[in-house]
Amino acid sequence: MTENTTQEDQWDSENYNTHASFVPKLGNTILAMLNAQSHERILDLGCGSGELTNDLAGQCAHVVGIDSSENMINKAIRIQRHKNTEYYVVDGQALSSWLTSKQIPLFDAVFSSAALHWMKEDPVAVIKGMHDALKPGGRMVVEAGGFMNVGEVHTALIQALNRRGLDGKSYSPWFFPSDVYYKQLLEENGFDVKDIALVPRPTHLNTDIAGWIETFGFTFLEALKTEQERQEAVREIVEQLRPGYQREDGSWHIMYVRLRVVAIKK
Ligand SMILES: C[S@@+](CC[C@H](N)C(=O)[O-])C[C@H]1O[C@@H](n2cnc3c(N)ncnc32)[C@H](O)[C@@H]1O
């Protein structure tokens, strides 16, 4: 079902599963922190292609998975393992109005892994949406990119565009807040923050930096006019990062910095 999305869908679940299957696997830490209970009804915000949502659905009574990408939601529906799961195409920044217009019952918990940093246009609307989704006393347990996340690739992408006369930073799709700033936003919007931390996580990529950029760096690449320009920029970034981020055995690693949060609706 498609609701409240206006942007073109730039996500490709096949690319995601090829180049980034580590993302849902590494989401297991935050899933364990959620500690879902068998009677609970839980919202998975930015559920993507549904691998982690399947695991969550095995632990609780009911799951609603929402994501702005129809492509990702279609894949999630194809691999759905539990009958207690519903999926919808919804922009997380329009969560409040979707909940009201569809009269969606309140949730015991909101869960999100590796998704909130993509909702850059209006992070406060996302926080308000999570607040509106919860029962009083309900919890949000989320992990997303935080301050300094994938800093080396992020900077290299921005600089590649700057060198071509563009304002590279303006093409970044990511909101990577510090723990201090995100705590303030949560407290200003009705949450009691129980735990918030930036956690560095060296991450072994499935493929290489070029595959990572193809999967996640699409907004930067789209700023370039021709396929040749795009390929040149990617080659340049790969060579810039190779000395620091390719291991002796040829595998590629980058430093993710995760913002992990547990907060309660007041
Ligand atoms: C890196 S994937 C993570 C997916 C999943 N949670 C997982 O762990 O595999 C990020 C997801 O955020 C979704 N996303 C990006 N912007 C969004 C928005 N404004 N509203 C809802 N979902 C969004 C993307 O479509 C994508 O599926």
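Predicted model, so just to flag it, every value in this text is computed and none were measured.

Focus on the overall build of the chain
For the chain, the helix and strand inventory stands at 12 helices and seven strands. Relative to the globule expectation of 18 Å for 266 residues, the C-alpha radius of gyration of the chain, 18 Å, shows essentially globular dimensions. Referenced to the eigenvectors of the C-alpha coordinate spread, the extents of the chain come out at roughly 50 × 40 × 35 Å. Of all 266 residues assigned to the chain, the portion counted as buried reaches 54%. Across the chain, contacts joining residues at least 24 apart in sequence account for 78% of those joining residues at least 6 apart. Of the roughly 12000 Å² of accessible surface on the chain, 50% is carried by carbon and sulfur atoms. For the chain, the distance from the average position of its 26 positive side-chain charges to the average position of its 35 negative side-chain charges is 3 Å.

Some details on the packing of helix 7 (residues 123-133) against helix 9 (residues 179-188)
Closest axis-to-axis distance for the helix 7/helix 9 pair is 10 Å, and the angle between their directions is 50 degrees. On the basis of their axis angle, the class for helix 7 and helix 9 is oblique. Helix-helix and strand crossings are classified by hand; for helix 7 and helix 9 the assignment is right-handed. On helix 9, the residues touching V124, I127 and M130 of helix 7 are Y182, L185 and L186. Residue composition of the contact of helix 7 with helix 9, by class: six nonpolar, no polar and no charged.

Observations concerning the UniProt feature "domain: Methyltransferase" (unreviewed entry) in the chain
Annotation from UniProt places "domain: Methyltransferase" (unreviewed entry) at residues 42-138. Secondary structure across residues 42-138 divides into 35% helix and 28% strand, with the first and last C-alpha atoms of the span separated by 10 Å.

Focus on the pattern of salt bridges
A complete count under the given rule lists 14 salt bridges for this structure. For the salt bridge of K135 with D108, the shortest nitrogen-to-oxygen distance reads 2.8 Å. Within this pair, whereas K135 is found in strand 5 (residues 134-145), its partner D108 is found in strand 4 (residues 107-113), the two being separated by 27 residues in sequence. E143 is the partner of R258 in a salt bridge, and the nearest nitrogen-oxygen pair spans 3.2 Å. In this pair, R258 sits in strand 7 (residues 253-265) while E143 sits in strand 5, placing the two residues 115 residues apart along the sequence. For the pair R258 and E143, one class covers both residues: buried.

Some remarks on the site of the ligand
Of all residues adjacent to the ligand, which total 22 residues, the nearest are Y16, G46, D67, G92 and S113. D67 has a polar side-chain atom sitting 2.5 Å from an oxygen atom of the ligand. The separation between a nitrogen atom of the ligand and a polar side-chain atom of D91 is 2.9 Å. Protein contact buries 96% of the 590 Å² of open area that the ligand shows by itself.

Side note on the nonpolar core
Ranked by size, the top nonpolar core spans 33 residues in total, and within it M130, M140 and Y182 carry the most contacts. Apart from residues no more than four positions distant in its own chain, M140 is found in contact with V110, M130, L134, L186, F191, V261, V262 and A263. Counting residues in hydrophobic clusters, the runner-up holds 32 residues, among them Y16, W212, I237 and I254.

Quick notes on helix 5 (residues 70-78)
For helix 5, every residue scored as buried is listed here: M72, I73, K75 and A76. Viewed along the axis of helix 5, the buried residues span an arc of 160 degrees, placing them on a single side of the element. Buried residues in helix 5 make contact with helix 1 (13-19), strand 2 (62-67) and strand 3 (85-89). A side-chain oxygen of the first residue of helix 5 lies 3.3 Å from the backbone nitrogen of N71; this N-cap is S69.

Observations concerning unusual backbone geometry
Positive phi is not limited to glycine here, since Q103 has a value of about 50 degrees. Within the chain, V150 stands out as a residue other than glycine whose phi angle is a positive 35 degrees. Under the relative-accessibility criterion, V150 is labelled buried at 1%.

Here's the deal with the pairing of strand 3
A regular strand places its side chains on the two faces of the sheet in alternate fashion. Of all five residues that make up strand 3, four are buried, and the element is covered over most of its length. When strand 2 meets strand 3, the two strands line up parallel, connected through five bridges. Residue pairing for strand 3: V64 is matched across the bridge by E86. Following the chain from strand 2 across helix 5 to the adjacent parallel strand 3, one finds a crossover that is right-handed.

Parameters at a glance
Residues numbered from 1 in each chain as written. Predicted model: local features only at pLDDT ≥ 70, side-chain atom pairs only at ≥ 80, totals over all residues. Heavy atoms only, no water. Helix = DSSP H or I, 4+ residues; strand = E, 2+ residues; numbered from the N terminus. Rg over C-alpha atoms; globule rule 2.2 N^0.38 Å. Buried < 20%, exposed > 50% of the residue type's maximum accessible area, 1.4 Å probe, protein only. Contact = heavy atoms within 4.5 Å. Areas by Shrake-Rupley, 256 points an atom, 1.4 Å probe, with all protein chains shown as cover. Lys, Arg positive; Asp, Glu negative; His and termini not counted. Charge placed at Lys NZ, Arg CZ, Asp CG, Glu CD. Axes fitted to C-alpha atoms, helices over the stretch in contact; angles between N-to-C directions. Parallel < 35°, antiparallel > 145°, perpendicular 65-115°, else oblique. Left-handed = near helix turned anticlockwise from the far one by under 90°. Nonpolar A, V, L, I, M, F, W, Y, C, P; charged D, E, K, R; others polar. UniProt positions renumbered as here; feature names shortened; annotations may be inferred. Salt bridge = Lys/Arg side-chain N within 4 Å of Asp/Glu carboxyl O. Near = heavy atom within 4 Å. Polar contact = N/O pair within 3.5 Å; in protein donor to acceptor, adjacent residues only side chain to side chain. Core = buried A, V, L, I, M, F, W, Y, C linked by side-chain atoms within 4.5 Å. Arc of directions from axis to C-beta. Pairing = 2+ DSSP bridges. Right-handed = clockwise from strand over helix to strand, strands pointing away.

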